[in-house]
Amino acid sequence: MRKSVVLLSLLLFLTLPAFAGYFDLALTLGTNVHMFEKDLDPSRMKLAWGASVGLTDDWEFDVQVDTQLVPTFFGSSSISLVAQKALLGQRSTGSSTAGVGINTLVGAGVMISPYTSEGTLGISHLLLTLTPLTVGSPVTGKRERLFALTLAYNLSNQKFALLFDLVKYDFYAIGTYRDYR
Amino acid sequence: MRKLLLSLVLLVLCTSLSARSLGYGVGFYGQNVEAEPARASSGAEFSLVYKPFLLPFLNPSLQVKNAVGTEMGGEWVAPYWEVGVSVDLIRIIDHPFNFLAHNIIAYTPSVSVAYQYDPRRNLSLASVGFSPFKLSQKDFWYEFFSPFLTYDLGSGELDSWGVNLVRYTFFFK
């Protein structure tokens, strides 16, 4: 019952922007490093992949899967669900006008992973994230997110870890200038 | 005869046919040593590149690389130095990967062969690499998801494997 309510709320939350006129959707690809939790996640390098959903002109919701590449090729994965706000202006104008090309994102969310003391899959971390620099926008069709730092609080052992994403690319399928012609 | 050949080689190197031929690069590498998992490392890879030509097929370049990163235990190491040759197999503009860049860009997948030295183990290795998602502009290379294998030059056995998740090379001269 509780799961259904959460799922329904999430779906409702995601469909809201479709009526607000700012909806955009991107495929995300990039890099990830999980630091200071080597006993739980021994990865040295991860591939970041997922989706970025525009909720309003300055809020977005990002789903990011981080999959281990080294030392185990396509080893364990985690999923981060993060809501982020653009700090330097509209992330999308909802029109064919490009708007702000450079931005900063700050956000919060949760990580679902097996990186817990018990090794069980579930909500493992609370996340606070800062992306100091983004270049591009949904309207232009592409965006780079650079040097993202995420503070991760592990709920199972009450310790902090750090996630670092050197670069992530967002390739927009919906919400670009092509949709506003 | 040998002097003449040397002079010709020097002439080719000095009068490169490519507009910008000298570049430096930085990438994000990860490497796993098969026999010693504790030596798996990741970090930054720095490179110097000399690209004398701009051929549509089999375009060669000389590359010197050094990787600096941390091992499983957190120790800072320089897991490899490398000298080798990379060859862009083809150079095409009309390809399905233009969506990856903001401008029209050439698709130039490449293969590489190099001598690699691991100073941690005083080990000489042969490295082979493949860069399937390499995009090139006049003064920039963008490479994504480039795997490599290294073989022990003594025994001929596979020593390590790795990936350069991203690598950016800028040609300045």
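This write-up is about the structure you can find in this document. (Residues numbered from 1 in each chain as written. Chains lettered and ligands numbered in written order. Predicted model: local features only at pLDDT ≥ 70, side-chain atom pairs only at ≥ 80, totals over all residues.)

1. Observations concerning the overall build of chain A
Secondary structure assignment for chain A yields one helix and eight strands. For 181 residues, the compact-globule estimate of 2.2 N^0.38 gives 16 Å, and chain A sits close to it at 17 Å. When the backbone C-alpha atoms are referred to their principal axes, chain A occupies close to 50 × 40 × 25 Å. Counting over 181 residues, chain A shows a buried share of 38%. (Helix = DSSP H or I, 4+ residues; strand = E, 2+ residues; numbered from the N terminus. Rg over C-alpha atoms; globule rule 2.2 N^0.38 Å. Buried ≥ 20, exposed ≤ 12 C-beta atoms within 10 Å, placed from the backbone.)

2. Brief notes about the nonpolar core
Judged by nonpolar contacts, the single largest core of 14 residues is most densely connected at Met45, Leu69 and Val70 of chain A together with Phe28, Val163, Leu165 and Val166 of chain B. Sorting the residues of this core by element identifies strand 3 (59-70) of chain A together with strand 1 (22-33) and strand 10 (158-171) of chain B as the ones contributing at least two each. In this structure, Val166 of chain B is in contact with Thr31 and Val167 of chain A together with Gly27, Phe28, Glu143 and Phe144 of chain B, ignoring residues within four places of it in sequence. (Core = buried A, V, L, I, M, F, W, Y, C linked by C-beta atoms within 7 Å. Contact = placed C-beta atoms within 7 Å.)

3. Remarks on the interface of chain B and chain A
Residue-level contacts link 15 residues of chain B with twelve residues of chain A. Listed by contribution, the elements that provide at least two residues to the side of chain B that touches chain A are strand 1, strand 2 (41-50) and strand 10 of chain B. Partitioning the side of chain B that touches chain A into residue classes produces eight nonpolar, seven polar and no charged. (Nonpolar A, V, L, I, M, F, W, Y, C, P; charged D, E, K, R; others polar.)

4. Re the sheet that holds strand 2 (residues 45-54) of chain A
Residue and element names in this part refer to chain A. In space, the eight strands of this closed barrel follow the order 1-2-3-4-5-6-7-8, with antiparallel pairing throughout. When strand polarity is set aside, the average angle formed by the axes of neighbouring strands in this sheet is 25°. As defined by bridge partners, strand 6 (residues 122-137) adjoins strand 7 (residues 142-154) across eleven bridges and the pair is classed as antiparallel. When the bridges of strand 7 are listed, His125 appears paired with Asn154. (Pairing = 2+ DSSP bridges. Axes fitted to C-alpha atoms, helices over the stretch in contact; angles between N-to-C directions.)

5. Some details on the environment of Leu165 of chain B
Relative to the helices and strands, Leu165 of chain B resides in strand 10. In this view, Leu165 of chain B contacts Thr31, Met45 and Leu47 of chain A together with Phe28 and Phe145 of chain B; residues no more than four positions away in its chain are not counted.

These results come straight from atomic positions and should not be treated as a statement about function.
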